[in-house]
Every structure is written in structure tokens, then in C-alpha cells.
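The chain contents come next:
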Amino acid sequence: MKLSSQKAGIIFLSAFLFSTSAVSQNNDVSINRNIRQPQAFSSSDDTQDETTEPSENPTFSLPHLYTYINSGIVEQRQSYTREEIERTNAESITSFFQAAGIQILSYGAYGLESKPSVRGFTDETVRVVIDGICVNNAQYGTFDFSTINTADIEKIEIVKGGFTEQVSDEGAVGGAIYITTKKQTLGHHFSADSSVKSFFNKNSPFDTFCQKFGYSGQLSENTFLKTNIKGTAAQNKYPFINYKNKTSVREHSSVYDGNSDIKLSHFFGNGNNWNIGNSTYAARKEIPGPETSLTTGIQKDFDNKLSFNVSFPSINQSLKLDGNAAWLSNTRFYEEQTESRHYVNSFILSSAADFYKHERFQQAAGITLNVTHLNSTDDGIHTLFSGTFKETSRFFLNDIFSVTVPLSIKFSGKNIAFIPKLGIRASFKYADIMLNGYRMVQFPNMDDLYWGDSSYACGNPDLTPEYGWGAECTVNAHNIFIPFSICIFTNYYTNKIQWSSNSSGKWTPQNVASAFYLGIDVSFEKTFFSVLTVKGNVEYLHNQLLDKSNKLTYGNRIMWTPDFVGSLIVSLNAKYVFISVESNYMGKKYISNLNTSYTDPYFLLNSSMEFQFWEHIKPYIRIENILDADYEAVPDYPMPGISASAGIKCTF
């Protein structure tokens, strides 16, 4: 398709003002750029997120335009592109996270509850942001990653540490996971992906079936449409070694679910655009409980996200404006001995402005307003108002030193908090040195506040926010044989909400826990001979509980936080085959704060092989837990042993 010079100029202007990344696949956007700001170490191409200026002689070709979060000055960030995600052939995002070396607290195979842990923090302390909208569930704080189809992901960015520089989210304590979904494509493209998985169970040799379909295309010169559909049927009948040291099969853990998403995008003048999209997830899941459980529950989910975005990338060539409106609906039914129903509806309005005209100064500001209505069997009927006012000032003092000052005011119900951060960066030829300190604040979720007053438990509407302070020192070494990043971080966190038995014998949440964290995180990546890539990450975390009122736990490690987490990925990208080998080590974890018992460390080895003998067809094989390790990510919830998946991708 031939583009006019005016259209090419508009899209090029949109590209660099949005800090757009060049995604290299099938003639994707390619722009020659002068880099103004050095990029923090990431696990993918560093040129993709840097703040840029227009080149005198830009080169340009299009079928894709994508917008990622602005590059942080002092943030430690891991980035994964669409190609990296697709080539692992992982069946879900949580499987991909595990392959990438992120700790996963998982309660079983596909579709069952799983939560990423960043620096020992999990649940609501890790914020999940999809296309600028924070999607953590207001009732219990987490996000179900099963609701996202991996075929709809363009990029994942993991920011470690509290309170990010980005203004279009609500901040974080342990870290933030930014997910960018796929957007527009010139022409018309169809895709399909069919796969089957086996746990080598003789009675059920073919356990999990997954089918994906996708379409992206151009409805008119400036209007684009993309849609994806996914369906999965997983029996999850995997063999494992039970507590009697005998081989058993996990029963009553089947998952049947489906995803669908559709997005319409339209560009109008000077790169301005609007997007409207809807994502739906429906599932029926058997909840088997711990290994020794004699009862099985049924969980039914229906989630919907309707969102609208409008963006003005260049107002007077100095200001970028973004606006979002979203309705998030989460419906969950439990069918157990006692049925319960939970309806959560959140209405979100957010706006962000980015002033970039001056060479030495950048200013971003954002506001998010949320109204959440909860109708729950356990929590009752409640409406909660929350929001964030946030700004980030960036000062580029000279070619070496830069400073970032993010500030935020957050409120939720009657709780309010001021959250500051200060970061300093010094950029040299062979290394960047980054120092930053920040406050950490997390508000109680609606379960903590409103859990119904029953004979055994009740919520606590008088809870105050959890809070703490954190600091980091990071060195990113570059222009050397093996570039690497090393980060030393520490946190003091107090007022932590913890459920405990009160004087009446009921379980209720209280602001009682406090802890100290100290850790070191090392990452590296190197490509040899343009075909062999080695990528590694290792983290050591030490923490101590500091509640002097509890002599039994004072000075102990926090349960479920491993001492070491490590990963190593080796990939070979040859002409007709792509092979990756992923290794993941998870260290010792105590299963209670008493530190009397723990889960053993475990080592997982996975491999994926993808073949391309014809342009439109890619068969692949993925083997997980090759060594057939017997392990538990959460105590008493056995995880699968060795499994093999085979599939075929078709694109037209």
C-alpha cells in the first residue's frame, strides 16, 4: 500500500512523540533516532523505550505502531517483546513468567490460581497495568492472568521496586507489570494456533487442548480492527508423588475457559487517535484444594473490560495528552458446601499529560479516579471511591547527570497518603549509576475492610494503610563484552495487614506486621554470532520479621519468600529452527512465619523448539519440567511433573 508523504509524516511524528518502539518483524516500524536519554538495562533491545528526538533523515516503513511506557531514569526494568513471548510457546502468562525467572505462587496447572512475586511482595502490592489501566481486583487485590490471551500481547515490562515513574497507573510497593496489547496492522492478517498437551497419564494421554484465532486488518485508510479468540480445555490430570511417597493423579482440577477481545482504532489528523476495545473472559474451574482435601469446589468466572482511549501526541509539538475511560466487571461464583457470589464493578477515569518541549526538562502529570461497587455474599454491598494524583519531573542537568522526582497523593475511602520518590542517575561511557529512594504505601482491599461478620471471621473497617521506605543502588554496565546490571535494594515495611484471631476468637485483619528486606539482583544478556543468545538473572533476598510483640516470629524470615531465585535462558535462532532452553531455580521457602518447616528448593528445566520450513506454517514442541522434578510452589499443592506440548501456528 502506498502512503502519501503527509500520512508518512503524521505517523512518523506519532511514533517518536509516543516513545514508540521499533518491533522488528515483517517490515515493522524502523526509525533512525538521536538518543537524548540513556536507557536503563532491560532484558530486551534497549533502543525500544528511549526518549527520542526526530532524526534529520528518518527512514520509515510500517505495518505496526506500538506505544510502550516511557523509559524510566532510575527504574530497574525487564522487557519482553512479542517475539520472545511467542517463541516460548507458553500456554499462559504465568508459564511465561516462570520461564523468565519470576517467582510464581501457583496452586496447580493451567487456569488455577497463580500469583507473581516481585522482591518478596505479591498480591495487591504488585500492580498490573494493561494499556494504561490498572486492573487489580478491588475486592482481593490480585489479578487473574488467565484472563489475558498471550496472542494479544505486544510487550510485557516488569518494573521492580516501589512507586514507578509512570503517571498513568496507581503506583506499586513491590513492583509493576505493564502489559501492552497489540494494536493496528496494515493490510489483512489471519492467524491460528492449535496445540495439545500431555502429562503422560496413561488413562488421559491427551490432557489439554488449546485453540487460538486472530485477525488484524485495515477497514479504511485510517481505521484498524483487531480481534483474538482463545479456548482451552484442560483436565489437569497430572501424576505426582503424594505425601505417602506414592504416585498419584491430581483429580478434580479441570479448567474450561475462553477469551475474546476486539479493538477498533482510528487516526485523525496530526497522529491523534482513539481506540475502543472490549475483552471478555469466561471460565469454569474445579478447585481441588490441598492434596489431602476431600471436598472439591467449583469456581465460575465471568470478567469483562470495556475501555476507551483518546490520545493527542503532539499539541504544539510540545505536549502529549492521553485519556482513558474503562468499566471493569468481575463476577465470580463459588459452588461448594456453601455457595457464594461476588460482583465487582469498577469505573475508571484517567488522564495523563507529558510535556517534552525542553531539552533539559520533562514534566508528566496524571490523575486516576475509581468508583468500585461490590456486591458480595461474604462482604455485603459497598461502594468505594479511590484515586491518584501523580506527577513526575525529570531534570537532565547535563550529558551525565539526571534527576527524577515523582510525587503522588493517593486516597481510598477515608485513607489518604502522600508518596514521594527521588532518583539520581549518572551516565558514563561504560556504566550508568542510579540511586533512588521512595516511600511505599498500600491501602487495604475490600475483603480486608468488609468481610462479613460471621462466627469465625469479620473484616476491619478501621484498617490504616501499609507503608514503608525503600532505596536502591543500581549499576548498568554497557559497551563491554557482556553487559550486565546489578541492583542492591532494601526496604523497611510496617503496618502490614495480617489476619489473626482476636479476643473473641474470630479471625480479623489487623495492622500488626513489619519487616526488613535486603537483596541483590543481577541480570545479564549477550548474543554471540548473531544467533545464540544467553540471558540470566539471579536474586538473593534476605528479610526479617520485626514484630517484637510476637516473640515466636521476631527475627524470622517471611513465609513463602525464597532466599534465591535464578533463571538462565539460552536460545538459538537458526534459519529454519528456533530452540530455547529455560532453567529456573527456586530456593528454600518457609511455609509459616514460625520457620519450623519449609519447602525444598527446586530446579525446573524447560525447552521449546519452533520450526519454519514454510513462511505461513510453524510447528512447535514445548517440554516443561524435563527433569520431572517433584515440587510445590505453595505447600500441599502438588505441581505437574514432566509434560509435552505440540502445536502448529498458521499465519496468512
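Residues numbered from 1 in each chain as written. Predicted model: local features only at pLDDT ≥ 70, side-chain atom pairs only at ≥ 80, totals over all residues. Heavy atoms only, no water.

**Focus on the pattern of salt bridges**
And then number 1: All told, the structure shown has 30 salt bridges when counted by the stated rule.
And then number 2: In the salt-bridge network here, residues are joined through shared partners; they are Glu91, Lys197, Glu582, Arg622 and Glu624. (Salt bridge = Lys/Arg side-chain N within 4 Å of Asp/Glu carboxyl O.)

**Re the pairing of strand 8 (residues 153-160)**
And then number 1: Counting buried positions over the eight residues of strand 8 gives eight, a clear majority of the element.
And then number 2: Note that strand 3 (residues 76-81) and strand 8 share six bridges and pair antiparallel. Residue pairing for strand 8: Ser79 is matched across the bridge by Glu157.
And then number 3: In the sheet, strand 8 pairs with strand 9 (residues 175-181) via seven bridges, with the strands oriented antiparallel. Residue pairing across strands places Ile153 opposite Thr181, the latter belonging to strand 9. (Buried < 20%, exposed > 50% of the residue type's maximum accessible area, 1.4 Å probe, protein only. Helix = DSSP H or I, 4+ residues; strand = E, 2+ residues; numbered from the N terminus. Pairing = 2+ DSSP bridges.)

**Here's the deal with the sheet that holds strand 7 (residues 133-134)**
And then number 1: Pairing is mixed across the open sheet formed by five strands, whose spatial order is 3-8-9-6-7. Here the strands that pair on one side only, and so sit at the sheet edges, are strand 3 and strand 7.

**Some points on the confidence of the model for the chain**
And then number 1: On average, residues of the chain carry a pLDDT of 85, and 89% of them reach 70 or more.
And then number 2: The model gives residues 1-67 a pLDDT under 50, and that stretch makes 170 contacts with residues more than four places away or in other chains. (pLDDT = per-residue confidence, 0-100. Contact = heavy atoms within 4.5 Å.)

**Brief notes about the environment of His358**
And then number 1: Here His358 is to be found in the loop between strand 19 (340-355) and strand 20 (361-376).
And then number 2: Between the C-alpha atom of His358 and that of Phe395, which follows or precedes it by 37 residues, the distance is 10.0 Å.

**Digging into a nonpolar patch on the surface**
And then number 1: A surface patch of nonpolar side chains, about 770 Å² in accessible area, is lined by Phe395, Leu397, Ile400, Phe401, Leu422, Ile424, Phe428, Ile433 and Leu435.
And then number 2: The set of elements that each furnish at least two residues to the nonpolar patch consists of strand 23 (415-427) and strand 24 (431-442).
And then number 3: Take Ile400: it is sitting in the loop between strand 21 (380-396) and strand 22 (401-412).
And then number 4: Residue classification places Ile400 among the partly exposed residues on the basis of a relative accessible area of 33%. (Patch = residues over 30% accessible without salt bridge, like charges linked within 9 Å, V, L, I, M, F, W, Y side chains within 5 Å. Areas by Shrake-Rupley, 256 points an atom, 1.4 Å probe, with all protein chains shown as cover.)

**As for unusual backbone geometry**
And then number 1: Of note, the phi angle at Asn89 is positive, near 55 degrees, even though the residue is not glycine.
And then number 2: With respect to the element layout, Asn89 can be found in the loop between helix 2 (82-88) and helix 3 (93-99).
And then number 3: Here the phi dihedral of Asn595 falls at roughly 60 degrees; this positive angle occurs in a residue that is not glycine.
And then number 4: The class for Asn595 is buried, based on a relative accessible area of 18%.

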